[in-house]
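Okay, here's what each chain looks like letter by letter:
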Amino acid sequence: MKIMPILFLLIAAMAAPVAAQADSRWNNAPYVPAPPVVTETPDELKSRVVEISTFPTDLDPRIWDGDKLREDVRQRTLEVIEYMFAELKLKNVTIQSVEVRGSNVSYEYDDAADFGVRVFLDTSAYKGSIEDLAARIKSYNAFIEVKHEGKVLLHGVPLEVNFYVIRSARLNPVKGVGHYSITEDKWMERPAVQESKFDRNQMLADMTGVTTTYNGLVTAYFADKQGFECSRWKDFSKSLGDYRNAGIDKSGTRSTENLVYRLLRRLKVNVVEQSSALALECQNIHWSLD
């Protein structure tokens, strides 16, 4: 999507620093004290682009024994899920299936990839509102992410768990994309070596556009946190998500767009997570009274 650098540079222009001086109280604990800008040089970004688009030829041996999920990984994952599910104290709801898909179920993992587990719930006997239950589960997912993210390690690989009440089409198995049933301990879809459809020159151009935009937003935000329009962070994050999804839908997981998104999470500053964190901080500051 060659419009990407132009799009983000336009957003960056809108993010020019304002003249107001930052109120120092918002740049001290518990708030972020200093602008978390991207500091990678053009040469460093170029090197990282090559790195993120060079793939392994075997499944991650920390998780897999050949093409079989390691039994200790499977058992510990199920133990953690049972504990988390019990915390919900749901009546007439059971676990239907536990599945995993993502970088660590493919030939595209790296040292920063997590083990993303999806737990689908059986609500066929549930008497309440499914919509209300889905909202509760969404909140619980956010809670366990804050509580456990990066803290439960399976031979060094972070375990990430999400519960689902409704299974959208995007969560169904896709031909050639690794998808494993932990419940049944078997492949639902074996991973294939994906066709490389990335353009490293375009990746570098897109990375430059995104990081320029991000740094511009950070600068403007830290110049006047109270005066900053918080929706600009949400718009930025949504643009990143739309960009990534469009690339996957069009060209798969080895698309320019998906690899750029992955790399944004692996810079010295995780652009994806930091943008969400600053959006939340911005809202908290705007809710505060002088």
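Scroll up to find the structure this text is about.
Residues numbered from 1 in each chain as written. Predicted model: local features only at pLDDT ≥ 70, side-chain atom pairs only at ≥ 80, totals over all residues. Heavy atoms only, no water.

Some words on the environment of Asp290
Test applied: Helix and strand definitions here come from DSSP, where helices need a minimum of 4 consecutive H or I residues and strands a minimum of 2 consecutive E residues; each element is numbered from the N-terminal end. It only takes one pair of heavy atoms within 4.5 Å for two residues to be counted as in contact.
Among the structural elements, Asp290 can be located in the segment after helix 8 (271-287). In the structure, Asp290 is positioned 30 residues away from Val260 in sequence and 41 Å away in space, judged by C-alpha atoms. Those residues in contact with Asp290 that lie beyond four places of it in its chain are Arg25, Trp26 and Gln226.

Some points on the sheet that holds strand 3 (residues 94-101)
Rules: When DSSP finds two or more bridges between two strands, those strands count as paired. Axis lines are fitted to C-alpha atoms, over the contacting stretch for helices. Their N-to-C directions set the angle, which ranges from 0 to 180 degrees.
The mixed open sheet is built from six strands, whose spatial order is 5-6-4-3-7-8. Among the strands making up the open sheet, the edge pair consists of strand 5 (153-154) and strand 8 (186-189). The pairing of strand 7 (residues 179-181) with strand 8 spans three bridges and is classified as antiparallel. Bridge pairing links Ser181 to Lys186 in strand 8. The sheet strands contacting helix 4 (residues 130-148) are strand 4 (115-122) and strand 6 (157-164), and the helix crosses strand 6 at an angle near 165°.

As for the pairing of strand 4
We apply this condition: Residue exposure (1.4 Å probe, protein chains only): buried if accessible area is under 20% of the type maximum, exposed if over 50%, otherwise partly exposed.
When you tally the buried positions in strand 4, you get seven out of eight residues, the bulk of the element. When strand 3 meets strand 4, the two strands line up antiparallel, connected through six bridges. Within the sheet, the bridge partner assigned to Val100 lies in strand 4 and is Val117. Across six bridges, strand 4 lies against strand 6 in parallel orientation. Looking at the pairing, Val117 lines up with Val161 of strand 6.

Remarks on the packing of helix 5 (residues 200-223) against helix 6 (residues 231-251)
Here is the rule we go by: Roughly parallel means an angle under 35 degrees; roughly antiparallel means over 145; roughly perpendicular covers 65 to 115; every other angle is labelled oblique. In this scheme the crossing of two helices becomes right-handed for a clockwise turn of the near helix relative to the far one and left-handed for an anticlockwise turn of less than a right angle. The classification used treats Ala, Val, Leu, Ile, Met, Phe, Trp, Tyr, Cys and Pro as nonpolar, Asp, Glu, Lys and Arg as charged, and all other residues, Gly among them, as polar.
As a packed pair, helix 5 and helix 6 sit with axes 11 Å apart at the nearest point and diverge in direction by 165°. Taken as axis vectors, helix 5 and helix 6 run roughly antiparallel relative to one another. Regarding helix 5 and helix 6, the two cross each other, and that crossing is left-handed. In contact with Asp206, Val210, Thr213, Tyr214, Leu217, Val218 and Tyr221 of helix 5, helix 6 contributes Arg232, Trp233, Phe236, Leu240 and Tyr243. Its residues assigned to classes, the contact of helix 5 with helix 6 shows nine nonpolar, one polar and two charged.

As for the side chain of Asp185
Here is the rule: Identification of polar contacts relies on pairs of N or O atoms within 3.5 Å, with a donor-acceptor requirement for protein atoms, meaning one able to donate a hydrogen and the other able to accept it, and with residues adjacent in sequence counted only if both atoms are side-chain atoms.
Within the secondary structure layout, Asp185 lies in the loop between strand 7 and strand 8. Taking the relative accessible area as the measure of exposure, Asp185 reaches 16% and is therefore buried. For Asp185, the side chain forms a polar contact with the side chain of Lys68, separated by 3.2 Å. Of note is the side chain of Asp185, whose polar atom sits 2.6 Å from the side chain of Tyr180. Apart from residues lying up to four places away in sequence, Asp185 is in contact with Lys68, Leu69, Glu71, Arg74 and Tyr180.

Topic: the pattern of salt bridges
The cut-off we apply is this: Salt bridge criterion: a side-chain nitrogen from Lys or Arg within 4 Å of a carboxyl oxygen from Asp or Glu.
Under the criterion given, the structure shown has 20 salt bridges. Asp72 is paired through a salt bridge with Arg70; the nearest N and O atoms lie 3.4 Å apart. Its salt-bridge partner being Lys186, residue Glu184 comes within 3.2 Å of it at the nearest N-O pair. Residue classification places Glu184 among the exposed positions, given a relative accessible area of 52%. Lys186 sits in the partly exposed class, given a relative accessible area of 45%. Each of Lys68, Glu71, Arg74 and Asp185 takes part in one network of salt bridges that share partners.

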